[in-house]
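Here's the letter readout for the chains.
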Amino acid sequence: MTKYIHYPNRPKKLTAAFVKKEYDKLLAALPNAENSNSPDAWLALYADWNALKSYVSSEGARIYWRFSQNMNNKSAEATEKYLREKIAPVCDKPEFSLTKAFLASRHRAALAKRYGEQLVQDYETALKPLDPVNTQLGIKAGQLTKRYEKKVAGATVHVQGEKITLSKARSLLESDDGKLRQAAYLAGRNWFLKNHDQLADIYDQLVKLRHKMAKNVGYSSYTSLAYKNMGRTDYDPKLAKTFRDNVYKYIVPLYATLTKAQSKALGTKTLKPWDASYDPSTSLPLGVAPVDKQLDNAQRIFTRLSSILGEHFRQMRRDGLVDLENRLHKRTGAFCISFSDEDKAAVLCNSVGDAEDIRILTHEMGHAFQSLESQTIETVDLQSGTADLAEVYSMGMEFLSLEYIDEFFSSEDAKKFRVSRWSGAIKIICYVCVVDEYQHWVYDNVNASAGERDKKWCELSDKYTPGVDYKGFEKYKKSRWYAQSHIFSAPFYYIDYALAETGAMQLGMLADESHVKAVSKYLKLCKIGGTKSFLKALDSAGLRSPFEEKLIVKLAQHAQKILL
């Protein structure tokens, strides 16, 4: 029997009526809490509010987890829809009212002393995104993103006579068989071209909805609202541009050099798009990491890293909270989700037995480890950091796991995998800049046509990821962004990966000097959760800011030594 930390005596099923009733109790207690000469009543009110948020968010996470495992499950779909369209809207208005009252309270100083100034800063940032004026538009946006996600999750293509999922087709791009790579690439991209108009229409509706949401709360562009929604307090679009400019100046040239070296290793004059994911010098054979062995091998890695991390992973396995294998109708991609009312976290992947599975598994487990290590933080809203900080935990675990990656691979393959991870760091940073600048442009040009959006994507791809030869296959270049689910469902959640990668690379460099110190620093960072902002958390762990030009230079130089 599950022992819940918050709301141990709860209804059999979470309903909108129950949630409304509980929020009404909190709102009714507000006048007394505010008028009291002592902050005790407000502190008690906040404890009850915190418990309700934990219950509702955790139950929502469990619903999302179950639906993601099979998006063709009608019962799970109906439950998820009820959560999104009935329960979530009930929370909007009281959450806005309570947050606003918290910030305006005469006892604000006492609340900040009890829970920390970061909570106050977070609530100030969250106020406009919480405004119930956008509740109905948020529902519509949710419906549109689910249309996109279900369509992609249920997609199949034929590659050399075999019917497979898009995830499986994507994995074949790392095959050592050039004809298979080309067939898989064309099959996947043709699916997106075939569905181009429908996906473009979904996105167009999303962009216009989000623009309207921004206007409703006084912003001229959705970009400003999105930054608030992402909880960003340390940087703005101008600083993000500074980061992209530094990447273009110092890292893109290395990307171009790697591309040339890759085509040379392939024995081709240029690098075709279906060859971009395969490098003979570092790519490992398909099926090199059988799915049925991944859990046991990963267990040994995490136990060797730290007894604490090893036990976290062991418990997740006992609870059935690591879902690895790819299957039809499973939500594409990978994610980690937490249930704060149980002190638990769950990980979903789409593993097919290839080396990339291992990077993804260690990535998602990095999220899980942070979540489990910060469960001792009383305030649910501070248990996890913003997305940029969260990705330091995940990408950092990728680098720390390299020390023991021989649990999965032979010594020769392990060496290739380690080099590949540094190559991947350069490539992901450059690709992230494509996505980030693209999204800034999209929301600054909300009335652009689908054709104009496609053209802009192609321009930015050439800018940040040069060297891929699309001659004769030009029509496929535009299809890439339609496969990037974040652009549809999590706008502006992408620069986080590049910013965080700089922190993870610093952990990787430290691990080369002292792996014990690197793991210790990582665990310290995990315990911070969301109690500090992105840059303050990095600083407290002795890591430098990604906005420092000198850091980008240093990282590029270090990667170059490893890769060339």
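Computed from a predicted structure; not experimentally measured. (Residues numbered from 1 in each chain as written. Predicted model: local features only at pLDDT ≥ 70, side-chain atom pairs only at ≥ 80, totals over all residues. Heavy atoms only, no water.)

Another aspect to go through is the overall build of the chain. When its secondary structure is counted, the chain shows 22 helices and five strands. Scaling as 2.2 N^0.38, a compact globule of 564 residues should have a C-alpha radius of gyration of about 24 Å, and the chain matches this with 23 Å. In terms of its C-alpha atoms, the chain occupies a principal-axis envelope of roughly 75 × 55 × 45 Å. Taken over 564 residues, the chain has a buried fraction of 56%. When contacts within the chain are restricted to residue pairs at least 6 apart in sequence, long-range pairs at least 24 apart make up 77% of them. When the accessible area of the chain is evaluated, it comes to approximately 23600 Å², of which 50% is carbon and sulfur surface. In the chain, 82 side chains carry a positive charge and 68 a negative one; their mean positions are 3 Å apart. (Helix = DSSP H or I, 4+ residues; strand = E, 2+ residues; numbered from the N terminus. Rg over C-alpha atoms; globule rule 2.2 N^0.38 Å. Buried < 20%, exposed > 50% of the residue type's maximum accessible area, 1.4 Å probe, protein only. Contact = heavy atoms within 4.5 Å. Areas by Shrake-Rupley, 256 points an atom, 1.4 Å probe, with all protein chains shown as cover. Lys, Arg positive; Asp, Glu negative; His and termini not counted. Charge placed at Lys NZ, Arg CZ, Asp CG, Glu CD.)

Attention shifts here to unusual backbone geometry. Here the phi dihedral of Tyr-7 falls at roughly 50°; this positive angle occurs in a residue that is not glycine. As for its placement among the helices and strands, Tyr-7 is situated in the segment before α1 (16–35). Despite not being glycine, Asp-343 has its phi angle at roughly 60°, a positive value. By secondary structure assignment, the location of Asp-343 is in the loop between β4 (335–339) and β5 (344–351).

With that settled, the discussion passes to the sheet that holds strand β3 (residues 322–325). Taking strand neighbours across the sheet as the criterion, the three strands line up as β3-β5-β4 in an open arrangement whose pairing is mixed. What marks the edges here is a single partner per strand, and that holds for β3 and β4. Within the sheet, the average angular offset between the axes of one strand and its neighbour, ignoring direction, is 10°. Looking at chain direction, β4 and β5 are connected through five bridges and run antiparallel. Note on β5: the bridge partner recorded for Phe-335 is Leu-348. Of the strands in this sheet, β3, β4 and β5 are in contact with helix α2 (residues 40–69), which crosses β4 at around 145°. (Pairing = 2+ DSSP bridges. Axes fitted to C-alpha atoms, helices over the stretch in contact; angles between N-to-C directions.)

With that out of the way, let us pick up helix α4 (residues 108–115). All buried positions along α4 are accounted for by Leu-111, Ala-112 and Tyr-115. Down the axis of α4, the buried set is contained in an arc of 100°. They therefore lie on one face. Seen from the open side of α4, the exposed residues pointing more than 90 degrees away from its buried face are Ala-109 and Lys-113. For α4, the elements touching its buried residues are α2, α3 (74–104) and α5 (117–130). Downstream of α4 by a residue or two, Gly-116 has a phi angle that is positive, lying close to 105°. (Arc of directions from axis to C-beta.)

Below, the discussion takes up the packing of aromatic side chains. Going through the model one piece at a time under the given rule, you end up with 40 aromatic pairs. Taking the centre distance of 6.0 Å and the plane angle of 85° together, the rings of Trp-42 and Phe-102 count as edge-to-face. On the criterion of sequence distance, the pair formed by Trp-42 in helix α2 and Phe-102 in helix α3 is long-range, its members being 60 residues apart. With respect to burial, Trp-42 and Phe-102 carry one shared label: buried. Between Tyr-443 and Phe-492, the aromatic rings sit 5.5 Å apart at their centres with planes inclined by 40°, giving tilted as the arrangement. One end of the pair, Tyr-443, is in helix α16 (residues 411–444); the other, Phe-492, is in the loop between α18 (485–489) and α19 (495–513), and 49 residues separate them in sequence. For the residue pair Tyr-443 and Phe-492, the accessibility class agrees, reading buried in each case. Seen from the ring of Tyr-4, Arg-10 lies directly overhead, with NZ or CZ sitting 3.5 Å from the centre. Cation over ring: Lys-53 sits above Trp-49, and NZ or CZ is 4.1 Å from the ring centre. (Phe/Tyr/Trp six-rings, centres within 6.5 Å; stacked < 30°, edge-to-face > 60°. Lys NZ or Arg CZ within 6 Å of the ring centre and 35° of its normal.)

Considering the arrangement of structural elements, one finds Asn-195 in the loop between α8 (178–194) and α9 (196–216). Overall, Asn-195 belongs to the buried group, its relative accessible area being 12%. Looking at Asn-195, its side chain comes within polar contact range of the side chain of Lys-151, at 3.2 Å. (Polar contact = N/O pair within 3.5 Å; in protein donor to acceptor, adjacent residues only side chain to side chain.)

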